[in-house]
Amino acid sequence: MTRHTTTTLEPTTLELSTLELGVQGMTCASCVGRVERGLNRVDGVQSATVNLATERATVQYDPARTSPQALLATVKEAGYEPLTSRAELTVQGMTCANCVGRVERALGKVEGVLSASVNLATERATVQYLPSAVSVGQLRAAVRESGYEVLDTQAGQDRHDAERAAKEKEVQDLWRSVRFSAVFAVPLLLISMLPMLYMPAEMWLSERLGSGLNWVLLALAVPVQFGPGRRFYRQGWAALRHRSPDMNSLVMIGTSAAFFYSLTVTLAPSLFPAGTAHVYYEASAAVITLILLGKYFEALAKGRSSEAMKKLLNLQPKTARVVRGGQELELPVGEVLVGDLISVRPGEKVPVDGEVVSGSSYLDESMMTGESVPVQKNPGAAVVGGSLNQTGAFQFRATKIGADTALAQIVGLVERAQGSKPPIQGLADKVVSVFVPVVLGVAALTFLAWMVFGGPQALSSALVNTVAVLIIACPCAMGLATPVSVMVGTGRAAELGVLFRNGAALEGLQAVNVVALDKTGTLTEGRPALTDLVLTSGFERAEVLGLIASAERESEHPIARAIVVAASAEGLPVSPLEAFEAVPGYGLNALIAGRQVQVGADRYMAQLGLDVSGFAAQARTMGDEGKSPVYAAIDGELAAVLAVADPVKAGSLAAVNALHAQGLKVAMITGDNRRTAEAIARQLGIDEVLAEVLPSGKSDAIAALQAGGQKVAFVGDGINDAPALALADVGLAIGTGTDVAVETADVILMSGDLRGVPNSVALSRSTLANIRLNLFWAFAYNVVLIPVAAGALSPAFGWRLSPVLAAAAMGFSSVFVLSNALRLRGFRPPVAPGPALRPIHLLPAAGRNLPG
């Protein structure tokens, strides 16, 4: 599984490509380190990071100095299997070697193709490719563009299907190995351990088998040691050969020591002092069985940890009903091309992004926007791949396919976040880099110490304790501690409509002290609306609002537009103007259907001889809320006072309260005048206001908040706020599900609901707490149990850790870490989006005294 992008590094002009490569066979943090070191040693590789939980390597490299093929070969050389796919295409129309060459070159130019071989005799093209970078549909299109036809094709697996199939196969293989091992290991354990617990059993075995007992035990141990146990020899020896021992190396050394020591005892018992010729076949067989069982549970847990990704991937249908040549063809979604006309029936999902051409329907886009109310789609409207069609049928033109669709962008963001390493991972990486060599050293010292001070049973004690050290110290838990939590946490965040761009953002958000909020489009709806209309006795709302809207209908001013929209929303007719006069500095005077309508500030009403003192209380309230009252007179009588404001988004107040409950300081950055800004701050409970800030000064405002070492998260719309988002310690973009590529933001709130901010903070804190607990367990487990395994408690208490128990404990440590990470799937946001709250109308149109 791979992905190609191109990045330009500053200040140089070096063009780098990014390769995301699936790596199978890794079992612990040492495996991660071996693959990373191997890739980083390749000439032309700028950086390489490997994630054990997602089983992916991300490599930045110079394509002029190395190639994907070389990187794949490096992974194989390290002892692991990179994930690639192979497709066979039947090509018609080829007549000679030149045709073969042309098809091969056309396929070779497609980004993501590793090799292409065309056989003229069989008319078959065999292509090895990276399934994340190219689809079978694109390969077919490349052949057609070269002038040939592709027939009798097979739908190829995409990257995610290939990964899923590989993981399912891994689980099945592990379960088969566990069952096979158990068939031999269980009777082996019973025969070895039962006599110690029940004396008659020992007497019965001695009478029946005598010296042949060891041969029976050997017969039971061999199938386990060299059957399922062969995987540890294969991978462990490869690690040793590369001077990078890993978990497999430790298991290989430990079980081999127990097995071959026992084999020597069986073949030549006379070499050992009387009473010391013991065999430990049950230890090697049980260790292998228990470790395989632990790996099986790990594989199951890893599958559960990717449930969020599965839900995202399942949003996109596998096929599309494409109209070509006047016929509807049901094609794999990978074969849809930009410009294709696609039909969607009731109850179906939209396969790709596009624009409605004909028909009408309502679409459920909640998976993208978080908005549960279906959205009406008419010709010209945009539709998003993965959204669910309700009752109508329509046709749309595909505008974005493959990796360009909104859903693919979301999947890509989640995948990159899951594959990235938060800074806290650095500690584990440093420890793991020296851990296994240190363990081998401890094991050697343990053996020597027991050989010197172990007394008559020195050799047996040295062997048992050394094997226990090697087995107990496998660094699986340390390698899984961080990436699995990041994987589950970012997946759960995606389910809640929050996209973390990387692990650093996930870790950084939990450390912020201040949350700075942009005003327009973040706290507020970003568009003015009529908020107040108070009438004089004797006037009707519909009559007054209709006349004012008629007077304002020709104006493009935001206040005028808001009044017209309000009248339209209430179904009020807008009458034509018979006469119109703008009164500079005061307002407007219009004649509508024979009625005189005058709208303006209080000084205009005073000029007209109208007393506005009756509205004094309402005007005072509007002023306290930062609004500027506007008055209307009809036929020479004062009719109403009204105000237009930018309404605060539903949920803004709840979001601010939740942030305070989390112990965070909340600031607001706005270009509004200070009086207006402070009025909003009072009503929302905002702690600090930075008012009258120009768009270019928002980054300076962030810097001011960061003074004194404060960690600041800035929440903006991701477009005009790019500098501030980039400067903040963590930038959160209020976006939508259909526009998720906000490059400067670290976190994207797909729904645009500000309540996602405290939810993001809470999830970040929960994930980091989960990681810390995992790391504590992983480190503490080894710190405490390695000395016990080495026999440190044996002289004082007679306690000794059996290799069998060591294997069980090692497997439990990994399962504990995975299970602990899976708890994040049950994370509940502190502020549920729930039903929309009634909007709070606060903001006026700044500096506007007169309409018209």
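Rules used in this analysis
Residues numbered from 1 in each chain as written. Predicted model: local features only at pLDDT ≥ 70, side-chain atom pairs only at ≥ 80, totals over all residues. Heavy atoms only, no water. Helix = DSSP H or I, 4+ residues; strand = E, 2+ residues; numbered from the N terminus. Buried < 20%, exposed > 50% of the residue type's maximum accessible area, 1.4 Å probe, protein only. Areas by Shrake-Rupley, 256 points an atom, 1.4 Å probe, with all protein chains shown as cover. Salt bridge = Lys/Arg side-chain N within 4 Å of Asp/Glu carboxyl O. Pairing = 2+ DSSP bridges. Axes fitted to C-alpha atoms, helices over the stretch in contact; angles between N-to-C directions. Parallel < 35°, antiparallel > 145°, perpendicular 65-115°, else oblique. Contact = heavy atoms within 4.5 Å. Nonpolar A, V, L, I, M, F, W, Y, C, P; charged D, E, K, R; others polar. Expected span 1.5 Å × (residues − 1). pLDDT = per-residue confidence, 0-100. Core = buried A, V, L, I, M, F, W, Y, C linked by side-chain atoms within 4.5 Å. Polar contact = N/O pair within 3.5 Å; in protein donor to acceptor, adjacent residues only side chain to side chain.

**What about the overall build of the protein?**
- Within the protein, the regular secondary structure consists of 29 helices and 32 strands.
- Every one of the 852 residues in the protein was classed for burial, and the buried ones make up 53%.
- Of the roughly 35,900 Å² of accessible surface on the protein, a fraction of 57% belongs to carbon and sulfur atoms.

**Overview of the pattern of salt bridges**
- One pass over the structure, following the stated rule, counts 17 salt bridges.
- In this structure, the salt-bridge partner of E328 is R321, at a minimum N-O distance of 3.6 Å.
- Overall, E328 belongs to the partly exposed group, its relative accessible area being 41%.
- Overall, the relative accessible area of 14% leaves R321 in the buried class.
- Here E365 ties to K377 by a salt bridge, and the two come within 3.0 Å at their closest N and O atoms. Remark: K377 occurs in strand β15 (residues 375–377) and E365 occurs in the loop between β14 (361–364) and α12 (366–369); sequence separation between them is 12 residues. Taken as a pair, E365 and K377 share a single burial class, namely buried.
- In the salt-bridge network here, residues are joined through shared partners; they are R321, E328, R345 and E348.

**Here's the deal with the pairing of strand β20 (residues 514–518)**
- With 5 of 5 residues buried, β20 is to be regarded as a mostly interior element.
- Residues V514, A516 and D518 point to one face of β20 and V515 and L517 to the other, with burial holding for every one of them.
- Pairing analysis gives 5 bridges linking β20 to strand β27 (residues 665–669), with the strands arranged parallel. Note that in β27 the partner of V515 across the bridge is V666.
- As judged from the 4 bridges shared by β20 and strand β29 (residues 712–716), these two strands associate in the parallel manner. Along β29, the bridge assignment pairs V514 with V712.

**Here we look at the sheet that holds β15**
- Spatial strand order, β15-β14-β17: 3 strands in an open sheet with antiparallel pairing. The open sheet terminates on both sides in strands that have one partner only, identified here as β15 and β17 (388–389).
- Pairing between β14 and β17: 2 bridges, direction antiparallel. Bridging from a neighbouring strand, D364 pairs with L388 of β17.

**Quick word on the packing of helix α27 (residues 756–789) against helix α29 (residues 803–822)**
- As a packed pair, α27 and α29 sit with axes 9 Å apart at the nearest point and diverge in direction by 170°. With respect to α29, the element α27 is oriented roughly antiparallel. Touching N770, L773, N774, W777, Y781 and L785 of α27 are A806, A809, M810, F812, S813, F816, V817, N820 and A821, all from α29.
- Considering only residue class, the contact of α27 with α29 consists of 11 nonpolar, 4 polar and no charged.

**Thoughts on helix α19 (residues 541–552)**
- The terminal C-alpha atoms of α19, which comprises 12 residues, lie 16 Å apart, in line with the 16 Å expected from a rise of 1.5 Å per residue.
- Most of α19 is tucked away: 9 of the 12 residues are buried.
- Regarding α19, the residues found buried are V544, L545, G546, L547, I548, A549, S550, A551 and E552.

**A few points about the confidence of the model for the protein**
- Of all residues in the protein, 84% have pLDDT values of 70 or greater, and the mean over the chain is 80.
- Across the protein, element-level confidence peaks in strand β12 (residues 341–344) with a mean pLDDT of 94 and bottoms out in strand β32 (residues 840–844) with 35.
- Contacts for the low-pLDDT stretch residues 1–12, under 50 throughout, to residues beyond four places or in other chains number 49 contacts.
- Counted against residues more than four places away or in other chains, residues 834–852, with its pLDDT under 50, gives 62 contacts.

**A closer look at the nonpolar core**
- Core analysis: the largest hydrophobic core is formed by 132 residues, its most contacted members being M26 and F500.
- A total of 12 residues in this core trace back to one element, the largest contributor, which is α27.
- Judged by nonpolar contacts, the second largest core, of 28 residues, contains V544, L547, I548 and V599.

**Focus on the environment of D340**
- Within the secondary structure layout, D340 lies in the loop between β11 (327–332) and β12.
- Classification of D340 as buried rests on a relative accessible area of 10%.
- Residues D340 and R397 lie 57 residues apart in sequence; the distance between their C-alpha atoms is 5.7 Å.
- Once residues lying within four places of it in the same chain are set aside, the contact partners of D340 are V322, R324, E335, F396, R397 and A398.
- Side chain to side chain, D340 and R324 meet in a polar contact 2.7 Å long.
- Within the structure, D340 has its side chain in polar contact with the backbone nitrogen of L337 (distance 2.8 Å).

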